[in-house]
Amino acid sequence: MEKTSRSILLVEDEAVIALYETMQLSNEGFTVTHVGSGADAIDRVRSRPDAFDLILMDIDLGRGMDGTEAAREILKNHDVPIVFLSSHTEKEIVERTEKITSYGYVVKNSGPVVLAASIKMAFKLFDAYQRMNGQRMELAAAGEELRITNEKLQESNEELGVIIEELKVTNDELQDSNKRLIQSQTELAHSEEKFSKAFKSSPDSITINRVSDGVYIDINDGFTEMTGYTREDVIGHSSLPDGLGIWVREEDRGRLVSGLHEYDEVVGLEAPFRRKNGTVLLGLMSAKRIRIDGEDCLISTTRDITEWKRIQEALTESEVNYRGIFNATNEAIFIHDAETGAIIDVNDSMIAMFGFSSKEEALGFNLDGLSEGGPNNNLAVVRSYFARALKEGPQVFEWLARKKDGSLYWVEVSMQCSTIGGKARILVVVRDISERKRSEDAVRNLVAEKEILLKELQHRVKNNLNVISSLLSLGMTELPEGASRRVLNDAKSRVDAMSAIYDRLHIATDLASVELESYIRDVAISLFDTYNIDAERIHLVTDLESVTLDTKRAMPLGLILNELITNALKYAYPAGRSGEIRIGLKTVDNSILLNVCDDGIGMPDGIDIETSGTMGLMLVNMLTNQLDGKVSVEKGKGTKIGVQFAR
């Protein structure tokens, strides 16, 4: 870029990054003034309205107003181009800045070439806008028709002012959200405590398993009491036949898996389960698929219905003794006429559960009065379940019930046909599941809160890595060309490779994995910029499959890629030689293969990558071992190094 004497106001709250950016801009011939907050930027422009040709504005400015709010305030009274500079790459952030100004958006640490080119383009756009405004003023005097057009433009400006005010309100709301985020860690701790109490105190068995392999992540006390297993017996072990073998019949587990695959939840799965001592209990399970830390998991609630089932069988076998059993159970029981659906009998638990004072009062209510009344909880829906119980057999479903006092609560309903006194009846058993529902909601809320905090933590880590990169760049400016400067430059490239991981995570929906295709391309382009490589002399060619990898292994793979590209850039093309560096990524036999090839002078004879004393090759060898992979080297016209490890 040609030298210029134009003046720039840099608004950046991170002192180290500001110093580095000031040096970059000064090297391009700009006169730079730095302030650390949005309020200082507004005061400086007001006091010296003609002093700055362009404003380079960070978005995150610490306490007080952020960069977008400061930009709006400045543009109210001053016509000056503003270019936003931020580590954010989210789509919504970029779109928000585009509604304020159209002069550009630059990602931090994009390099001096990109930053200078963006500023130059902003000046060109501003000059073009200025010329357009001058032409518009000349045309305004052309006649009455243009006067009318100008009035319409004025009306549009007033509407735009309303929109700007609405955006300001939206920005205030975002500021409030940011404050709530700061408090979220304390609230999350409270949430975890509440969830833990609800989880542990439930009398039913509650378990959380990974879907992929059935491994238990957590269990409550209800599970240990029901099965006889301790936490040490269970946590980290699988429920599959080759694990604890808790399923008596594999087809029952198959029904659970099929239901989760189709509906993401299963309600009322009746199946036998094996206790630790070998005895068998009959359980009624409800399960739902959830995500915890990026993994598909299963939260299930199981109630021991062995005794309840025995009671059901006793009712079917002996009508004479049914009344004592009928009132002995804790569940509410209704007996309906199979033809009319009318309630003809209830047990004591039903009277207590729904808040009636007597059996006669309970029988005086119809099912519509005992239901929430919405589109999915009304008399018509109940009758449809009656019809299905008569034709298809037992029905199990969840229901939003209404007590006599009008309060609502969730119940689980088991419905089946039976013969009592020689007549067809519909037997309905109702169990209060309000506590279970609260436990499930607590788990879902806890997972959502953890993901929000993890996203914010990744942004903070990324910003800290940017500060480290800037410090290394500043350190290089104080050193002459030589070994020390090269060591700092190599360290900076490694920090940038790690930072690129968090760039990928910050825009990803899955926080547990990284999309390697775009990540590898970002690292390679960053290295070409770090070492000031002329793209016309050394070409970068990529052939990358779409592959995802867990975050834990993506970090060492990124450092391996950094070392291989750095070695090619530093040693393959001495004395201004030109050539081509090719990067390949593909899957081979359920493994991932990364290749970095150059057509340079080739690796000297006698160098073994496994025993080399150079730091870069030592890192490649050690990091490949960390991935349980292997390194291959092909020498000839250039060098080809491949790293292969299990997917």
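Here, the structure is the one placed above.
Small disclaimer: the values here were computed from a predicted structure and weren't measured.

Caption draft 1: Spatial organisation of the sheet that holds strand S7 (residues 216–219). The strand order S7-S6-S10-S9-S8 describes an open sheet built from five strands, whose pairing is antiparallel. Where the open sheet ends on each side, the last strands, each with one partner, are S7 and strand S8 (265–274). On average, adjacent strands in this sheet sit at an angle of 30° to one another, irrespective of strand direction. Here three bridges tie strand S6 (residues 205–210) to S7, and the two strands are oriented antiparallel to one another. Residue pairing across strands places Ile208 opposite Asp218, the latter belonging to S7. In the packing of helix H9 (residues 250–263) onto the sheet, the strands contacted are S8, strand S9 (280–292) and strand S10 (295–304), and the crossing angle to S8 comes to about 165°.

Caption draft 2: Geometry of helix H14 (residues 379–392). The end-to-end C-alpha distance of H14 is 20 Å, a good match for the 20 Å that 14 residues give at a rise of 1.5 Å each. In this structure, the buried residues of H14 make contact with strand S11 (332–337), strand S13 (395–402), strand S14 (408–420) and strand S15 (423–432). Gly393 lies just past H14 and shows a positive phi near 110°.

Caption draft 3: Inspection of the packing of aromatic side chains at higher detail. If you walk through the whole model with that rule in mind, you get nine aromatic pairs. Ring plane angle 15° and centroid distance 3.6 Å describe the contact between Tyr385 and Phe397, whose orientation is recorded as stacked. Linking Tyr385 in helix H14 with Phe397 in strand S13, this pair joins segments that are 12 residues apart in sequence. Accessibility classification places Tyr385 together with Phe397 in one group, the buried group. On the numbers, 5.9 Å between centres and 70° between planes, the contact of Phe397 with Trp399 is edge-to-face. One aromatic cluster is present, built from ring pairs that chain together Tyr103, Phe126 and Tyr129.

Caption draft 4: Seen up close, the sheet that holds S14. The strand order across the open sheet formed by five strands is S12-S11-S15-S14-S13, and the pairing between neighbours is antiparallel. Edge strands, defined here as strands with exactly one partner in the open sheet, are strand S12 (343–346) and S13. In this sheet, adjacent strand axes meet at a mean angle of 30° when their direction is disregarded. Here S11 pairs with S15 via six bridges, running antiparallel. Opposite His336, over in S15, you have Ile426 as the bridge partner. Packed on one face of the sheet, H14 meets S11, S13, S14 and S15 and runs near 160° to S13.

How each quantity is defined
- Residues numbered from 1 in each chain as written.
- Predicted model: local features only at pLDDT ≥ 70, side-chain atom pairs only at ≥ 80, totals over all residues.
- Heavy atoms only, no water.
- Pairing = 2+ DSSP bridges.
- Helix = DSSP H or I, 4+ residues; strand = E, 2+ residues; numbered from the N terminus.
- Axes fitted to C-alpha atoms, helices over the stretch in contact; angles between N-to-C directions.
- Contact = heavy atoms within 4.5 Å.
- Expected span 1.5 Å × (residues − 1).
- Phe/Tyr/Trp six-rings, centres within 6.5 Å; stacked < 30°, edge-to-face > 60°.
- Buried < 20%, exposed > 50% of the residue type's maximum accessible area, 1.4 Å probe, protein only.

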